[in-house]
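Here is what each chain is made of, one letter per residue.
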Amino acid sequence: MRKIDPNKNYEATKKAIGYIDRKKAQQKDYNRIGFMSGLEVHQQLLTKEKLFCHCPAGKYNHHDDYDAELIRHMRPTLSELGEYDGTALMEFKTRKEIIYRIKNETTCTYEIDDTPPFPINREALEIGLEISLLSRFNIVGEVHIIRKQYLDGSIPAGFQRTAILGVNGEIPLKNKKVGLIQLSIEEDSCREISDIGHTRVYKTDRLGMPLIETVTEPELLNPDEVQEACDYIRFMNRSTGKVATGMGAGRQDVNVSCKGGSRVEIKGVAHTKWIPELTHNEAYRQWSLLRLRDELKSRIDKKNWKMKSEMLNYHDFNFPSIDIKNAKENDFVIMAVNLPYFKKLLSHFTQPGKIFANEIAERLKVIACLELPNMTHSESLNPQIAEDDFENIRKPIGSGKDDAQIVFWGPQDDMKTALETIEERCLMAFDGVPEETRKSFVDGTTIFERVLPGADRMYPDTDSAPIPLANEYIEDLRTRLPSDVIDRYHQLKDWKVPEDTHTYIFKKNLFPLIDRIQKELKIPAQFVGCFLGHKLKFVEGHYQSADYFNNAIIFALFKYLKENKIEIEMAEVMLSTIYSHPKMQFDSVLNTIHYKKISEKDIFDQIPFLKEKFEQIAHHNTSNNMENWVMGQLRKMAMGNLSLEKLRKQISKG
């Protein structure tokens, strides 16, 4: 019989840390655990060329569309102070073989680190400076390019070139102002194709594209504030009309900590709507690890803790697990590990659906390159080894009644690294929360990705000279800036544009279009805002465009309707056809939807007859029902020929 019920222990520890579902959580809950967060918002810039060469920016190719492959093995280098960066050492330990798939159209010898960089792309630099000014940063006097070491292979050179453009800025949120630490311009990394075992494959089409990174102070005190700040920065970037849009063009790293915890970076969050759940769960994951730490330290001193391991023989045990049978077929070694005083800790809650054992398994995948599933244990929520077999496993590894056990498998060459990884993570448990980078998932959970980088990975780029920035140049850029997002938000409210349209309007940078239409065509901003935020958003989500749909078509559409004295409501009827076929002439669209010019008098003349007919067929003959029915009969005829508001007033008469 099992000595403990892991599922009950999971629920008990979840309750003990006071975990609350995000939808039920209030500010007092975040105050209790000391929730704190900051952002690093990355945004690709809309330029013709990459940042340090003349290759085209924004051209992508499929995984299997490449002209050559390049293989590299990464090695760490010493910092200026003679230190190795922890992340670089971790990546070196994985013994990864990095394969780059190269497309000649989008890659040159600079990308693969065979030639020095060209001078920085001035178009990209100017856009970065404009956004820095928009963010109220103090602009640097000289731009100094530095190298930031990356040994995961995402950059063939092993480092990324980056430069700070502004420091000490701020953004206004609805209820507070948030400080900005800095804005940097840097080159984007490769796109990962696969990461299996000791082989990682990238493609280089995105490599070197200009990117800006906006870093906030850790002043965001609940998950919704984090999303609000991220949205503001992204909307502000888009307000320039000079940044790339689409999947992957904007990404954010979210830094989270709790009281007594450590800074943990959730890497590459693609959608801002994921942020609240991710930050909520990460804060509680840290809170849980702190409770686990206290429990562990009450049992044994860290300096006296030592694990024991033993290789197992597959034939000595009855392993019904399919995963273990697959490991045997692959000629993997199977190992048993005893973790002294870890009873009830492997099944300790960390995240919804996850326990402390997952923290170990994830590191085995990343550092020792043992593909998941790579282990089971004595407190598995879904047991793979019978308790009787675990009793036999415990004997050779000297297990005590307060211990927990892990059984894992993998290639012989990876066993030494795997054992070191397990021991290292268990020793970290005595200290609380390790500083690390984690990868996000749609369900709001995260997994270990790498050790958090430190300052030792930064050093000057000796290939690039400093770039002085004259005051006159900066002041000239200041005159070209768009209005602040917060001012645009207040203007939308003054125009009475519904709040549920604001996110879409800012996301698509449609505010200038609304402003232009209401100023030049005298069409009410409220109508245009609703048309864009409701109608266009719906059409965009339900129709496929045969060609690129430029939002400037919307201005041309309203201008056409005004010039031809067609009521602007007709735009709603025409929109789906125009969106599907952006090159179609507006006259042709009207023919396609069978629009006919009908005089106001001819429409009004239909009303008495329809009222009389309604009296004959109505089951509930009320004035409201009558108006709605007659409106429904005349709506198609009136659309474009007569204001629907005017038609209803005419129907309601007498």
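Read on for an overview of the structure.

As a further point, take the overall build of the protein chain. Regarding its fold elements, the protein chain presents 22 helices and 23 strands. A principal-axis box enclosing the C-alpha atoms of the protein chain has dimensions of 100 × 70 × 50 Å. The buried share among the 654 residues of the protein chain stands at 53%. Long-range contacts, defined here as pairs at least 24 residues apart, represent 75% of the contacts in the protein chain between residues at least 6 apart. With 92 positive and 97 negative side-chain charges, the protein chain shows a spacing of 5 Å between the two charge centroids.

The next subject is the packing of aromatic side chains. According to the stated counting rule, one finds 19 aromatic pairs in the structure shown. Ring centres of F549 and Y579 lie 4.9 Å apart, and the angle between their planes is 50°; on these two criteria the pair is classed as tilted. With a gap of 30 residues between them, F549 in the loop between α15 (525–542) and α16 (552–563) and Y579 in helix α17 (residues 570–580) connect regions that are remote in the sequence. No difference in accessibility class separates F549 from Y579, as the two residues are buried. Over the ring of F448 we find R363; its NZ or CZ atom is 4.1 Å from the centre of that ring. Positioned over the ring face of F555 is R516, at 3.6 Å from the centre of the ring.

Trans peptide bonds make up most of the peptide bonds, and negative phi angles are found at most residues other than glycine. Looking along the chain, the bond that leaves L372 and enters P373 is cis, with omega of -5°. A positive phi is found at D113, a non-glycine position, where the angle reads about 65°. When you line up the elements, D113 lands in the loop between β3 (97–102) and α4 (122–134). In this structure, N509 takes a positive phi of about 55° despite not being glycine. Inspection of the secondary structure assignment puts N509 in the loop between α13 (502–507) and α14 (511–520).

For K242, the position within the fold is in the loop between α5 (223–238) and β12 (250–257). Under the relative-accessibility criterion, K242 is labelled partly exposed at 30%. Excluding residues within four positions of it along the chain, K242 makes contact with L45, L46, I127 and E130.

The next point concerns the side chain of R101. Looking at the secondary structure, you find R101 in strand β3. A polar atom in the side chain of R101 sits 3.1 Å from the backbone oxygen of H63. The residues contacting R101, other than those within four sequence positions of it, are H63, D64, Y66, A68, E69, I193, V201, Y202, K203 and T204.

Our next topic: the sheet that holds strand β15 (residues 333–339). Sheets are built from strands paired through backbone hydrogen bonds, the pairs being either parallel or antiparallel. On the basis of which strands lie adjacent, the open sheet formed by four strands has the order β14-β15-β19-β18 and antiparallel pairing. Only two strands of the sheet have a single partner each, and these edge strands are β14 (308–311) and β18 (375–377). Going across the sheet, the axis of each strand differs from the next one's by a mean of 20°, ignoring polarity. One ladder, built from seven bridges, connects β15 with strand β19 (residues 404–410); its direction is antiparallel. Its bridge partner lying in β19, M335 is registered against F408. Against the sheet, helix α9 (residues 387–394) engages β15, β18 and β19, with an angle of about 90° to β19.

Another aspect to go through is helix α20 (residues 607–617). Residues of α20 that are buried include every one of I607, L610, K611 and F614, and no others. Buried residues of α20, seen end-on, are gathered within an arc of 105° and therefore sit on one face of the element. More than 90 degrees from the buried face of α20, the exposed residues found are P608, F609, E615 and Q616. Lining the buried residues of α20 we find α19 (600–604), α21 (623–638) and α22 (644–652).

Put simply, α5 and helix α6 (residues 275–299) touch, their axes get as near as 8 Å, and they point 135° apart. The angle between the axes of α5 and α6 places the two elements in the oblique class. Judged by the sense of rotation from one axis to the other, the crossing of α5 with α6 is right-handed. Of the residues in α6, those in contact with P223, D224, V226, Q227 and C230 of α5 are I275, P276, T279 and H280. Of the residues contributing to the contact of α5 with α6, the split by class is five nonpolar, three polar and one charged.

The subject of this paragraph is the nonpolar core. Membership of the largest hydrophobic core comes to 154 residues, with the highest contact counts inside it found for L339, F342, F408, I422, F558, M574 and L647. Per-element accounting of this core gives the leading share, nine residues, to α6. Excluding anything up to four places from it in sequence, F342 contacts L296, R299, W305, F356, E379, D402, D403, A404, C426 and A429. The next biggest cluster of nonpolar side chains, apart from the first, holds 14 residues, and it includes I324, I334, F390 and I393.

Moving on: the sheet that holds strand β9 (residues 191–196). One open sheet accounts for four strands, arranged β2-β3-β10-β9; its pairing is mixed. In the strand order of this sheet, the two ends are held by β2 (68–72) and β9, each with one partner. Neighbouring strand axes in the sheet, compared pairwise and without regard to direction, differ in orientation by 20° on average. Relative to strand β10 (residues 199–203), β9 is paired through five bridges, and the arrangement is antiparallel. From the neighbouring strand, D195 faces β10, where its bridge partner is R200.

Analysis parameters
What you see as residue numbers is a count from 1 along each chain, following the sequence as written. This being a predicted model, a pLDDT of at least 70 is required before a residue's local features are given, and a value of 80 or more before pairs of side-chain atoms are given or counted; all residues contribute to the totals for chains, interfaces and linings. Note that the side-chain values use all heavy atoms of the structure and ignore hydrogens as well as water. Each helix is a run of H or I in the DSSP string that is no shorter than four residues. Each strand is a run of E no shorter than two, and both are numbered from the N terminus. Exposure classes here rest on a 1.4 Å probe applied to the protein chains alone. A residue is buried below 20% of its type maximum, exposed above 50%, and partly exposed in between. Contact definition: two residues touch when any of their heavy atoms are within 4.5 Å. Lys and Arg are tallied as positive, Asp and Glu as negative. Neither His nor the chain termini are counted. All charge positions are set by atom: Lys at NZ, Arg at CZ, Asp at CG, Glu at CD. Stacked, tilted and edge-to-face are the three classes applied to pairs of Phe, Tyr and Trp rings, where Trp contributes its six-membered ring and a pair requires centres within 6.5 Å; stacked means planes under 30 degrees apart, edge-to-face means over 60, and tilted covers the rest. Two limits define a charge over a ring: the Lys NZ or Arg CZ must be within 6 Å of the ring centre, and within 35 degrees of the ring normal. Pairs of N or O atoms within 3.5 Å make up the polar contacts considered here, provided that, within protein, one atom can donate a hydrogen while the other can accept it, and that residues adjacent in sequence are counted only when both atoms are side-chain atoms. At least two DSSP bridges between two strands are needed for those strands to be called paired. Between N-to-C directions, angles cover 0 to 180 degrees, with each direction set by a line fitted to C-alpha atoms, over the stretch in contact for helices. To obtain the arc, one takes the directions from the helix axis to the C-beta atoms. Roughly parallel means an angle under 35 degrees; roughly antiparallel, over 145; roughly perpendicular, 65 to 115; everything else is oblique. Here a crossing is called left-handed whenever its near helix is offset anticlockwise from the far helix by less than a right angle, and right-handed whenever the offset is clockwise. Here the nonpolar group is Ala, Val, Leu, Ile, Met, Phe, Trp, Tyr, Cys and Pro; Asp, Glu, Lys and Arg are the charged ones; every other residue, Gly included, is treated as polar. For the purposes of this section, nonpolar cores are sets of buried Ala, Val, Leu, Ile, Met, Phe, Trp, Tyr and Cys residues that join through side-chain atoms within 4.5 Å.

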